[in-house]
Amino acid sequence: MTDLEMTRLCAKAMGYTLTEMDTPRGKLPLLMEGNVLIGSTYDPLHDDARAMVLVKKFQILIGTDDEHWTAFIPKVGRSIHNHDLNQAIVECVAKMQLEKEKTK
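Note that the structure is a prediction, hence the values are computed from the model and not measured. (Residues numbered from 1 in each chain as written. Predicted model: local features only at pLDDT ≥ 70, side-chain atom pairs only at ≥ 80, totals over all residues. Heavy atoms only, no water.)

Participant: I'd love a proper account of the overall build of the protein, names of residues and values included.
Facilitator: Helix and strand counts for the protein stand at three helices and six strands. The order of helices and strands in the protein, counted from the N terminus, is α-β-β-β-α-β-β-β-α. A globule of 104 residues ought to have a C-alpha radius of gyration of about 13 Å, and the protein, at 14 Å, matches this closely. In terms of overall dimensions, the protein has C-alpha extents of about 40 × 35 × 25 Å along its principal axes. Scored against the burial criterion, the 104 residues of the protein give a buried share of 37%. Taking as baseline every contact in the protein between residues at least 6 positions apart, the subset at least 24 positions apart corresponds to 35%. Per element, the accessible surface of the protein, about 6500 Å² overall, is 52% carbon and sulfur. When the 13 basic and 15 acidic side-chain charges of the protein are each reduced to a single mean position, those positions are 9 Å apart. (Helix = DSSP H or I, 4+ residues; strand = E, 2+ residues; numbered from the N terminus. Rg over C-alpha atoms; globule rule 2.2 N^0.38 Å. Buried < 20%, exposed > 50% of the residue type's maximum accessible area, 1.4 Å probe, protein only. Contact = heavy atoms within 4.5 Å. Areas by Shrake-Rupley, 256 points an atom, 1.4 Å probe, with all protein chains shown as cover. Lys, Arg positive; Asp, Glu negative; His and termini not counted. Charge placed at Lys NZ, Arg CZ, Asp CG, Glu CD.)

Rendered as structure tokens:
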């Protein structure tokens, strides 16, 4: 799963609508409210505050050992291990959302 796909799934899990904009850095996901561009880039992989919102909303438990972070969502039994904390959080929520969409 690409970073953009995981970001899109996290936005859905949060109830946000995204549009994508081509930039020199590649495609960036921008938040929309209805048809109005809010103008805020949604990037929980690189924005600690956005990642923390995911932690709080989905009651993610965070753990660490010497090399990796663990993000665990008790309600769905989903956990991810990664050397980057934001990556673990985003991947955990993205996989939870993907499973939710498959069961619809």
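Participant: Could you give me a rundown of the pattern of salt bridges, with the residues and numbers involved?
Facilitator: Overall, the coordinates contain three salt bridges when judged by the stated rule. We note a salt bridge from Lys12 to Glu101, for which the minimum N-O separation is 3.6 Å. Highlighted residues: Lys12 in helix α1 (residues 3-14) and Glu101 in helix α3 (residues 85-102), separated in sequence by 89 residues. A salt bridge links Glu91 to Lys95; its shortest N-O distance comes to 3.1 Å. (Salt bridge = Lys/Arg side-chain N within 4 Å of Asp/Glu carboxyl O.)

Participant: With reference to specific residues and values, describe the layout of surface pockets.
Facilitator: A volume near 170 Å³ is recorded for the largest pocket. If you trace the largest pocket, you find 11 residues lining it, with Lys27, Leu28, Pro29, Asp43 and His46 closest to the centre. Those elements that place two or more of their residues in the lining of the largest pocket are α1 and β2 (26-33). Counting residues per element, the lining of the largest pocket draws most heavily on β2, which supplies four residues. (1 Å grid on protein atoms, 1.4 Å probe; cavity = no way out; pocket = protein on both sides within 12 Å on 5 of 7 lines; lining within 4 Å. Points joined across faces, edges and corners; volume = space filled by probe spheres on them.)

Participant: Talk me through the packing of α1 against helix α2 (residues 48-57); I want residue IDs and the actual numbers.
Facilitator: In the contact formed by α1 and α2, the axes pass within 11 Å of each other and the chain directions differ by 50°. With respect to α2, the element α1 is oriented oblique. The handedness of the crossing between α1 and α2 comes out as left-handed. Contacts from Cys10, Ala13 and Met14 in α1 reach Val53, Leu54 and Lys57 in α2. (Axes fitted to C-alpha atoms, helices over the stretch in contact; angles between N-to-C directions. Parallel < 35°, antiparallel > 145°, perpendicular 65-115°, else oblique. Left-handed = near helix turned anticlockwise from the far one by under 90°.)

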